[in-house]
There are 2 protein chains.
Amino acid sequence: MKTRVLSGLAMVPLLALVYLGGYPLLALCVIIAVIGIKEFYDGFNAMGIKPCHLIAYASVFVLYLINAAAPGNFQMICAWLAGSIMISSLYMFKTTERTPADAMATMVGIIYVIFFSFHVVLVDQTYPVMIWMVLLTAFCTDIFAYFSGYFFGKHKLCPTLSPKKTIEGAVGGTLGTVICSGIFGYFVVPEIWWQCLIMGFVAAIFSQFGDLTASAYKRKMGIKDYGNLIPGHGGIMDRFDSVLFTAPVIYYYIALVLN
Amino acid sequence: MKTRVLSGLAMVPLLALVYLGGYPLLALCVIIAVIGIKEFYDGFNAMGIKPCHLIAYASVFVLYLINAAAPGNFQMICAWLAGSIMISSLYMFKTTERTPADAMATMVGIIYVIFFSFHVVLVDQTYPVMIWMVLLTAFCTDIFAYFSGYFFGKHKLCPTLSPKKTIEGAVGGTLGTVICSGIFGYFVVPEIWWQCLIMGFVAAIFSQFGDLTASAYKRKMGIKDYGNLIPGHGGIMDRFDSVLFTAPVIYYYIALVLN
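Residues numbered from 1 in each chain as written. Chains lettered and ligands numbered in written order. Predicted model: local features only at pLDDT ≥ 70, side-chain atom pairs only at ≥ 80, totals over all residues. Heavy atoms only, no water.

## Regarding the overall build of chain A
Let me state the cut-off plainly: Strands are runs of DSSP state E lasting at least two residues, helices are runs of H or I lasting at least four, and both sets are numbered from the N terminus onward. For the radius of gyration, the atoms used are the C-alpha atoms, and the globule rule reads 2.2 Å times the number of residues raised to 0.38. Burial classes follow relative accessibility: with a 1.4 Å probe on protein chains only, a residue under 20% of its type's maximum area counts as buried, one over 50% as exposed, and anything between as partly exposed. Any pair of residues with heavy atoms lying within 4.5 Å of one another is described as a contacting pair. Using a 1.4 Å probe, accessible areas were evaluated by the Shrake-Rupley method; residue-level cover was limited to the displayed protein chains. Think of it this way: Lys and Arg go in the positive column, Asp and Glu in the negative one, and His and the chain ends go nowhere. Positions of charges follow a simple convention, taking NZ of Lys, CZ of Arg, CG of Asp or CD of Glu.
Looking only at helices and strands, chain A features 11 helices and zero strands. Counting helices and strands in the order they occur from the N terminus, chain A gives α-α-α-α-α-α-α-α-α-α-α. Relative to the compact-globule value of 18 Å for 259 residues, chain A shows a C-alpha radius of gyration of 19 Å, a close match. Summarising its shape, the C-alpha atoms of chain A cover approximately 55 × 40 × 30 Å along the three principal directions. Out of the 259 residues belonging to chain A, those deemed buried represent 55%. When contacts within chain A are restricted to residue pairs at least 6 apart in sequence, long-range pairs at least 24 apart make up 72% of them. Surface accessibility of chain A: about 11,200 Å² in total, with carbon and sulfur atoms responsible for 71%. Taking the average location of the 15 positive side-chain charges in chain A and that of its 12 negative ones, the two points are 9 Å from each other.

Here you go:
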């Protein structure tokens, strides 16, 4: 518990990078994508599946190069995605050594880790202050779900996947996040405070999906944590599993509903 | 051989749909996506992996709905993609019945079959006549590779994956396609005929990647053909495996290089 709190404090400087936005945040996202890929693929190794790290790292490089050359060009992002998936397919041509599972895990890593985390950059480029909504919805849901579950938890949510989670926790996590999002909206972006309520609601649900998705992968990989980069907190992927899902939700809400 | 030729002739009416473009072609793409998903997922079933058909069919529906509401909106296409992948993740929450492989196969089907084939529609909406380049590069590569291999084939290309393919076939397929693309360009789009040479070259290579990708999946699935929809030709996925790769190549060349 002490390690966990101390490590938690050690993460505070990260918030400075988020506050700065722009290049520092972009650098943080690249690091999260690279370490995230390593952790995710190492998890697959534990179950005998061998995705190709090199293709994924090259894919990170190309995506951020495209972003530097033509920020917010979704046609190029789709081209990047199609290209990455095609190149990953080539990986299974050595049929004697590799299986479709190796190629498929490579593809899923590229989309789940690299493409999803890239939406943090997209939010920062479109509506910088909303980056806080990405983090707020990811972390508030966790905290409120934990305490609502602790005090009121009676009915199990999905015992085989995540035995400690309760329906009361899920409801409390969602409610708490909606309230915090409303408060954030009221003080920071008063002109759209009620939109923040909706965003908070949707993102809180997807935040829990993100958490459970990571749990589902880890359970089948037979690992408890993705890594031990942050003592007491596991790896990057354990900490940011919800962010991977809240970032696209917040981004597309901003891009398609607010605009 | 006789069945093969007769069935080949039976496919000629399909060319009429391609010639018409617009809604008839769109309908054809929806049908290819739906049958393609069925064949691809049935192949996974043969190796004990159970992707979710329902999510993929819903995903086809939403993609073509988005295309009707906002044609060529790549931001929405990315939102569709992120959403489809997130929803597919939910599929593995029932850990007692399902594995990450089931969810991952669902995701790969959505990208490989639905997203890739959708580029045929995108080409038709952007530069209709270029739809012929998608088909020409896919089918010429096949035919020229077959005959070059037949007459000159000496060195095996990838014996474990596709034992009959030769390096001479691959080179001949590429060369023949470049020449045909140049002829097509000279007569149909003379203002960009030399761009057709480049497109033909790149698409011919990816056409062979598409063919080998389908072979790699089938080999590991332990099936010879994806289906028997077209007697003597296998299923939709056997016929259009190269188109799945040439369509994105031609589309992004048009969208990013020509424009």
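## Details of the pattern of salt bridges
Applicable threshold: Salt bridge, as used here, is a side-chain nitrogen of Lys or Arg placed within 4 Å of a carboxyl oxygen of Asp or Glu.
Tallied over the entire structure, the rule returns 10 salt bridges over all chains. The salt bridge involving Lys-38 of chain A is made with Asp-42 of chain A; its shortest N-O contact spans 2.5 Å. Placement of the pair is Lys-38 of chain A and Asp-42 of chain A together in helix α3 (residues 22–46), with a separation of four residues, close to one helical turn. Two residues, Asp-238 of chain B and Lys-218 of chain B, come together in a salt bridge whose shortest N-O distance is 2.5 Å. Taken together, the residues Asp-238 of chain B in helix α10 (residues 236–239) and Lys-218 of chain B in helix α9 (residues 193–221) connect sequence positions 20 residues apart. Residue Asp-238 of chain B shares its accessibility class with Lys-218 of chain B, and that shared class is buried.

## Thoughts on the interface of chain B and chain A
Stated precisely, the cut-off is as follows: Identification of polar contacts relies on pairs of N or O atoms within 3.5 Å, with a donor-acceptor requirement for protein atoms, meaning one able to donate a hydrogen and the other able to accept it, and with residues adjacent in sequence counted only if both atoms are side-chain atoms. Side-chain classes are defined by residue name, with Ala, Val, Leu, Ile, Met, Phe, Trp, Tyr, Cys and Pro counting as nonpolar, Asp, Glu, Lys and Arg as charged, and the others, Gly among them, as polar.
The interface of chain B with chain A comprises 45 residues on the first partner and 45 residues on the second. Linking chain B with chain A are zero salt bridges, by the criterion used here. At the surface where chain B touches chain A, the tally comes to three residue pairs in polar contact (both at pLDDT 80 or more). Put simply, the parts of the chain that give the side of chain B that touches chain A at least two residues each are α5 (74–90), α6 (100–126), α9 and α11 (243–258) of chain B. No other element matches the 12 residues that α5 of chain B contributes to the side of chain B that touches chain A. Residue composition of the side of chain B that touches chain A, grouped by class: 35 nonpolar, seven polar and three charged.

## As for a nonpolar patch on the surface
All names here are of chain A. The cut-off we apply is this: Patch membership needs two things, relative accessible area over 30% and no salt bridge, and members are linked within 9 Å if like-charged or within 5 Å if nonpolar (Val, Leu, Ile, Met, Phe, Trp, Tyr).
Together, Ile-179, Ile-183, Tyr-186, Phe-187, Val-188, Trp-193, Trp-194 and Ile-198 give the surface a local cluster of nonpolar side chains, amounting to about 870 Å² of exposed area. Those elements giving two or more residues to the nonpolar patch turn out to be α8 (167–188) and α9 (193–221). When residues of the nonpolar patch are assigned to their parent elements, the largest contribution, five residues, is made by α8. Secondary-structure assignment places Trp-194 in helix α9.

## Brief notes about the packing of helix α5 (residues 74–90) of chain A against α11 of chain B
For clarity, the cut-off: Axis definition: a line fitted to C-alpha atoms, over the contacting stretch in the case of helices. Angles run 0 to 180 degrees between N-to-C directions. Roughly parallel means an angle under 35 degrees; roughly antiparallel means over 145; roughly perpendicular covers 65 to 115; every other angle is labelled oblique. Here a crossing is taken to be left-handed if its near helix is turned anticlockwise relative to the far helix by less than a right angle, and right-handed if that turn runs clockwise.
One way to put it is that α5 of chain A packs onto α11 of chain B with a least axis distance of 11 Å and a crossing angle of 150°. In this view, α5 of chain A runs roughly antiparallel relative to α11 of chain B, as classed from their interaxial angle. For the element pair α5 of chain A and α11 of chain B, the recorded crossing hand is left-handed. Contact residues: α5 of chain A offers Gln-75, Met-76, Cys-78, Ala-79, Ala-82, Met-86 and Ser-89 of chain A, while α11 of chain B offers Leu-244, Phe-245, Pro-248, Tyr-251, Tyr-252, Ala-255 and Leu-256 of chain B. Tallied by class, the residues present in the contact of α5 of chain A with α11 of chain B amount to 12 nonpolar, two polar and no charged.

## Description of the packing of aromatic side chains
Note the cut-off: Working definition: rings of Phe, Tyr and Trp (its six-membered ring) pair if their centres are within 6.5 Å, and the pair is stacked with planes under 30 degrees apart, edge-to-face with planes over 60 apart, and tilted otherwise.
Tallied over the full model, the rule gives 43 aromatic pairs over all chains. Consider the rings of Phe-74 of chain B and Tyr-251 of chain B, whose centres lie 5.9 Å apart with planes at 25°: the pair is stacked. Of this pair, Phe-74 of chain B sits in helix α5 while Tyr-251 of chain B sits in helix α11, and the two are 177 residues apart along the sequence. Take Phe-74 of chain B and Tyr-251 of chain B: they sit in the same class, and that class is buried. A centroid spacing of 6.1 Å and a plane angle of 45° characterise the contact between Phe-115 of chain B and Phe-116 of chain B, whose relative ring orientation is tilted. Through a chain of ring-to-ring contacts, three or more aromatic side chains come together here, namely Phe-40, Tyr-41, Phe-44, Trp-80, Tyr-112, Phe-115, Phe-116, Tyr-217, Tyr-226 and Phe-245 of chain A.

## A word on the side chain of Asp-241 of chain B
Residues and elements named next belong to chain B. For Asp-241, the position within the fold is in the loop between α10 and α11. With no salt bridge to any partner, buried Asp-241 finds its closest opposite charge in Lys-218, at an N-O distance of 5.0 Å. In contact with Asp-241, other than residues within four places in its own chain, are Gly-210, Asp-211 and Ala-214.

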